[in-house]
Amino acid sequence: MKNKIKVFRAMNDLTQENLGAAIGVNRQTILAIEKGKYVPSLDLAFKIARYFGVNIEEMFIYEAESPENSAH
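Below: a short report on this structure. (Residues numbered from 1 in each chain as written. Predicted model: local features only at pLDDT ≥ 70, side-chain atom pairs only at ≥ 80, totals over all residues. Heavy atoms only, no water.)

A closer look at the nonpolar core
Phase 1: In this structure, Ile5, Ile48, Phe52, Met59 and Phe60 are the most contacted members of the largest nonpolar core, which totals 16 residues.
Phase 2: At the level of elements, helix H1 (5-11), helix H2 (16-23), helix H3 (27-34), helix H4 (42-52) and helix H5 (56-59) are the ones that each hand at least two residues to this core.
Phase 3: Per element, the largest residue contribution to this core is 5 residues, and it comes from H4.
Phase 4: If near-sequence neighbours (up to four positions away) are discounted, Phe52 is found in contact with Phe8, Arg9, Asn12, Leu14, Leu19 and Met59. (Core = buried A, V, L, I, M, F, W, Y, C linked by side-chain atoms within 4.5 Å. Buried < 20%, exposed > 50% of the residue type's maximum accessible area, 1.4 Å probe, protein only. Helix = DSSP H or I, 4+ residues; strand = E, 2+ residues; numbered from the N terminus. Contact = heavy atoms within 4.5 Å.)

The following block contains the structure:
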């Protein structure tokens, strides 16, 4: 799942550590989410989106694994 956390952090002049502290996770968790190595729980995804005052859909971009998995 792609995300725009790095973009929003830059717009708000925040480090990974600052954001992590604000939402209750460590810097490594933010780094892993930004790099797409960790998919956050729904609760954490909402916390991140709410922190920046945006809808979850603006922060996270869901991409289906393959066309066969998409609904018709």
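Considering the side chain of Gln16
Phase 1: Tracing the backbone shows Gln16 in helix H2.
Phase 2: Overall, Gln16 belongs to the buried group, its relative accessible area being 13%.
Phase 3: Among the polar contacts listed, one links the side chain of Gln16 to the side chain of Glu34, at a separation of 2.9 Å.
Phase 4: With near-sequence residues (within four places) excluded, Gln16 lies in contact with Arg9, Arg27, Ile30, Leu31 and Glu34. (Polar contact = N/O pair within 3.5 Å; in protein donor to acceptor, adjacent residues only side chain to side chain.)

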